[in-house]
Amino acid sequence: MTAWIKSLYIGLILLLLVAPIVVVAGVSLNEAQSLRFPPQDLSLRWYGALFREPDWLVPLRNSLVIAATSSLLAVLVALPLALHVWSRRGWLSRGLYTLGVAPFMLPPVISALGFLVFWVSLGMYGQMAATIVSHGVFLVTLPVVTISLGLNAIDPALIEAARTMGAARGQVLRTVILPLIVPYILSGYAFAFVLSLNEYIIAYMVAGFTVETLPIKIFNSLRYGYTPIMGVVSVLFILLAVAVFGMIGRFGNLPRLMGSERVRDQ
Amino acid sequence: MSAPQKATPGWLAAIPALALGIFFIVPFAIMLSVSVAHRVPGGFFEPGFELASYIRFLSAFFGSILVTSITISAAAAAICVTLAFPFTVFLAGMGRRAQTWILVILLSVLSLSEVIIGFSLSTLLSKTAGVGNLLAWLGILETSRAFTPSLFALLTGMCYLGFPYAVLVLYPPVSRLDPELGEAARTMGASPLRTFFGVTLPLLRAPVLGALVLVFVFTLGVYLLPQVLGRPQHWTLSVHITDQAIFQSNLPFAAAMAVLLLVVTLMLVGLTLLLGRDAGARQ
Amino acid sequence: MTELSLHGLTKRFGGFTAVDDVTLDIPDGDFVCLLGPSGCGKTTLLRLIAGLETPSAGRIVLAGQDQSDVPTHKRGFGMVFQSLALFPHLSVIDNVAYPLALRGHDRADRHARAQELLDLVQLGGMGARRIHQLSGGQRQRVAIARGLAIDPAVFLLDEPLSALDANLREHMQVELRQLQQRLGVTTVVVTHDQKEALTMADTVIVMDGGRVQQMGAPMEVYRDPANAFVASFIGNSNLLPCTLTRDRTLEMSGVRMALSDADRVKCEPGPAMLSVRPEDVRITDAKGLPATVAFIRDLGESVQYVLDHQGTELTALFAPRDRPSAGLGDAVTLDFETGRRVVLAR
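Values in this document were obtained by computation on a predicted structure and should not be read as measured data.

Asker: When you look at the pattern of salt bridges in this model, what are you seeing that I'm missing?
Answerer: Pairing between side chains becomes possible if they bear opposite charge and their charged atoms approach one another. Residue and element names in this part refer to chain C. Inspection of every chain in the model, using the stated rule, returns 17 salt bridges over all chains. The salt bridge involving Lys266 is made with Asp224; its shortest N-O contact spans 2.7 Å. Remark: Asp224 occurs in the loop between α7 (218-223) and α8 (228-233) and Lys266 occurs in the loop between β14 (264-265) and β15 (270-276); sequence separation between them is 42 residues. In this structure, Arg340 engages Asp280 in a salt bridge whose closest nitrogen and oxygen atoms are separated by 3.2 Å. Pair noted here: Arg340 is in the loop between β20 (331-336) and β21 (342-345) and Asp280 is in the loop between β15 and β16 (281-284), with a separation of 60 residues, a long-range link. Of the residues examined, Asp280 reaches a relative accessible area of 3% and is grouped as buried.

Asker: For this particular structure, what's the right way to read the packing of helix α4 (residues 96-111) of chain B against helix α7 (residues 151-176) of chain B?
Answerer: A pair of packed helices can be characterised by two numbers: the angle between their axes and the separation between those axes. Residue and element names in this part refer to chain B. Relative orientation of the contacting elements α4 and α7 amounts to 135°, with a least axis distance of 8 Å. The orientation of α4 relative to α7 falls into the category oblique. Here α4 runs over α7; the crossing is left-handed. Contacts between α4 and α7 pair Gln99, Leu103, Leu106, Leu107, Val109 and Leu110 from the former with Tyr160, Phe163, Pro164, Tyr165, Val167, Leu168 and Tyr171 from the latter. Residue classes in the contact of α4 with α7 are distributed as 12 nonpolar, 1 polar and no charged.

Asker: What is the right way to look at the pairing of strand β4 (residues 57-62) of chain C in this model?
Answerer: Residues and elements named next belong to chain C. The sheet contact formed by β4 and strand β5 (residues 65-66) spans 2 bridges and is antiparallel. Across the sheet, residue Val61 finds its bridge partner in β5, namely Asp66. Linking two consecutive strands that pair antiparallel, namely β4 and β5, is a turn of 2 residues; a positive phi of about 45° is found at Ala63 within it.

Asker: Just to check I follow, could you spell out the interface of chain A and chain B for this structure?
Answerer: Size of an interface: often given as the accessible area lost when the parts come together. Each partner contributes residues to the interface: chain A has 92 residues there, and chain B has 91 residues. For the pair chain A and chain B, the two sides together bury roughly 8100 Å², of which 80% comes from carbon and sulfur. Scanning the region where chain A abuts chain B turns up 0 salt bridges. It is helix α1 (residues 2-27) of chain A that provides the largest number of residues to the side of chain A that touches chain B, a total of 14 residues.

Asker: Help me understand the packing of aromatic side chains in this model?
Answerer: Any two aromatic rings considered together are summarised by their centre-to-centre distance and by the angle between their planes. All names here are of chain A. For the structure on display, the rule yields 19 aromatic pairs over all chains. With 5.1 Å between their ring centres and 70° between their planes, Phe191 and Phe245 make a pair best called edge-to-face. Placement of Phe191 in helix α9 (residues 169-198) and of Phe245 in helix α12 (residues 229-251) is noted, with a sequence separation of 54 residues between them. Accessibility expressed as a relative area gives 6% for Phe191, which makes it buried. By relative accessible area, which is 0% here, Phe245 ends up buried.

Asker: Which parts of the structure should I look at to understand the sheet that holds β20 of chain C?
Answerer: Residues and elements named next belong to chain C. With respect to topology, 5 strands assemble into an open sheet ordered β16-β20-β17-β18-β19, the strand pairing being antiparallel. The outermost strands of the open sheet, each flanked by one partner alone, are β16 and β19 (312-318). Between one strand axis and the next, the sheet turns through 45° on average, direction left out of account. The sheet contact formed by strand β17 (residues 289-298) and β20 spans 4 bridges and is antiparallel. When the sheet's bridge partners are listed, Ala291 is paired in β20 with Val332.

What counts as what
By convention here, each chain's residues receive numbers from 1 onward along its written sequence. Chain A is the first chain written and ligand 1 is the first ligand written, with later ones labelled in order. In keeping with the predicted nature of the model, local features appear solely for residues at pLDDT of at least 70, side-chain atom pairs appear and are counted solely at 80 or more, and the whole-chain, interface and lining totals rest on all residues. Side-chain metrics in this entry use all non-hydrogen atoms of the structure; hydrogen atoms and water are not considered. Criterion for a salt bridge: a side-chain nitrogen of Lys or Arg within 4 Å of a carboxyl oxygen of Asp or Glu. Helix numbering and strand numbering both begin at the N terminus, where a helix is a DSSP run of H or I of at least 4 residues and a strand a DSSP run of E of at least 2. Accessibility here uses a 1.4 Å probe with only protein chains present; expressed as a share of the type maximum, an area under 20% marks a residue as buried, one over 50% as exposed, and anything in between as partly exposed. Every axis in this analysis is a line fitted to C-alpha atoms, fitted for helices over the stretch in contact. Angles between the N-to-C directions lie between 0 and 180 degrees. Working rule for angles: under 35 degrees goes down as roughly parallel, over 145 as roughly antiparallel, 65 to 115 as roughly perpendicular, anything else as oblique. Should the near helix be turned anticlockwise from the far one by less than a right angle, the crossing is left-handed, and should it be turned clockwise, the crossing is right-handed. Whether two residues are in contact is decided by their heavy atoms: any pair within 4.5 Å suffices. The nonpolar class holds Ala, Val, Leu, Ile, Met, Phe, Trp, Tyr, Cys and Pro. Asp, Glu, Lys and Arg form the charged class, and all remaining residues, Gly among them, are polar. When DSSP finds two or more bridges between two strands, those strands count as paired. Simply put, the buried area is the total loss of 1.4 Å probe accessible area from both parts when two parts are fitted together. Two rings belonging to Phe, Tyr or Trp (six-membered ring only in the last case) form a pair when the distance between their centres is within 6.5 Å. Interplanar angles under 30 degrees mark stacking, angles over 60 mark edge-to-face geometry, and anything in between is tilted.

These figures capture arrangement, not role.
So, in structure tokens, the structure goes:
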């Protein structure tokens, strides 16, 4: 039957998507410092090594700090942007929205080079702050999109109701709009966090030689000496992504967040 | 009813306008000015206006790189969307729970670093771990062999990278498509295959085009995969941009290439928007 | 004493005039229903009063003070929205306490007041619940309690009961009316349901095309419609083209009918329209309007006759014990209850 073929097709593609991950997970379990699959002499020693070897601990810390702060930055820029675009029309709104969506839509190498020359001009090339701000701008698109979805899902009558009950503009914002979009702000932050952790080219161009992140470290290891720790990091990143998106799927409406229902009339 | 007018104070716009103006527009402006600046060998560059970097790009060597980049990306985009379109249609027809879980997998794959994807695939396609071993064990190959580096490995990587994006671009319009349209065609005697090509696909012409362009643009910017999975002749424009910027210290030339890549990208996006509007107007 | 007055209130959206030069006075403590078909401007008029729309012309005056330039949040009105607009992120009691929180009441104070209001709408034990845990009727009551929380000068309701099923709606109409009488708050309700308006209102305002067609007590509007639109919109009405002579006599298709002093004449002699309610149509043996019985509908509590008078359809309503003997297809003559005839401009 056709339903059977559909499931088979979906299953096959998912299998292809998961296969490399399974192999990497298997590699990470090797006892010896080799990339064998199926792994030989199962061991978790490389998982411990990630948190003991300074070689890997520093990039791990860098990556986490950059992801946490740059996502916060992205949300801080995206929130007023989405609010403005939602509540007002006109060229400024359209321009801001384009500007908010553009960074993630362009080939990242272009933005990366733009950031490189910018930080070189400012004399901040190679500093972690440069990576953080660059990631913040690059990832601003994600919270812009999720927060805009949240705002467009608000029943306008809620805001009018608050106004008739005596809420001035600022109070409406604080007591109605913000509480209602908190889930969307959080999922925007989570999206940006996960993607910042995984981002390579911008981090590399802006401060690749001084501020090593995990993706940079993995790439360097790919060239200068394989170790199962690469597999360990990959597995941890995948688990983190599954946990974050799984949480969003569990407590939010993921199909809707991905645009399944008509939430915005165009 | 539309969103309430002026629910937010006007000065709120200043925050994103300033942030993105300084940290997004200005970098592009600087990049533009660097692309016409004069290169100082050994140092960075000095301000000026010359088209030397652009002219250099027109040489046969870099021209062929552009053609290679575009060909590889176009092939990846075509394969990706061909696989993603039926996937999305089937996905949208599933229950909410199943959809949620498949979306979680897709988002997780989407968020994966190019480095990790390159590493995973190079492991999967390597001699010691993965497909080679499996095929040898099954007796299809006499002895295990590596499938990387090769054009095949590079295209696989690009499709792996682009696939979740293609699905997520197609997902909203596909899931909003009235399932009754297809059912109506079915009751009138159209076979599932004819329904698919006669009703579903034409209705989604604009989103399919959009997905093609997005994956194309996205893979055009791929930097690591060509180095990990491909041979030097498969190096794309992105690899050369980074190479010029970081290792050859030729920022003006790197900037000129980036500007050209930007122009190509914007032209394609504009073209898609135009075609999409056409398709929309006809419906 | 006049509490709320509208003076020449007008609202235009582009080229469309939604509310057209509305002038009226609503007495203090009155229960007013704005009634009309969809698109007649009743909701826009309510939103103008609330300050959610800015008038294109005219003034809104409350107790002698011009409200036209007062922003919504400073008017101190209570409002219930069609969608109810309850806050999903707040509990029931916090929804009701919301306007009090905005006014800086401390937590204990506002919860005490909110509890009073919840008791008033018989939801005393529901304060801690979330909105999505309530039934439609309970949500309705929360919205009403919230609208009343600040002792509003004017209580505005936009189709508040439209989402409820028929039984619950009738129950809530009575409840809302009793609540309003107890509190004595000036109340304006928008509705398209004329039965709802007749059940609840002290005053009915019938609107069409952005204009007020008639304003008056429910029975007054019912018995004495100002024009053909009101006659047909409020209850069922038979409208018969006729000619009014100078000596208060009607002529229709050759039949003459003398009017009594109690019948209402609202137009000049000449071509006119006779409006008669179905319950005021009689089947007689005396001379009158010839008609044939086209259909008989037994409604249990009453019997409805559909009658054909030279191509014009009339309905007549009888109590079961007054059921005429005429059957389907019989030729009959019709007469109309003296004093219940209304002659309107054609």
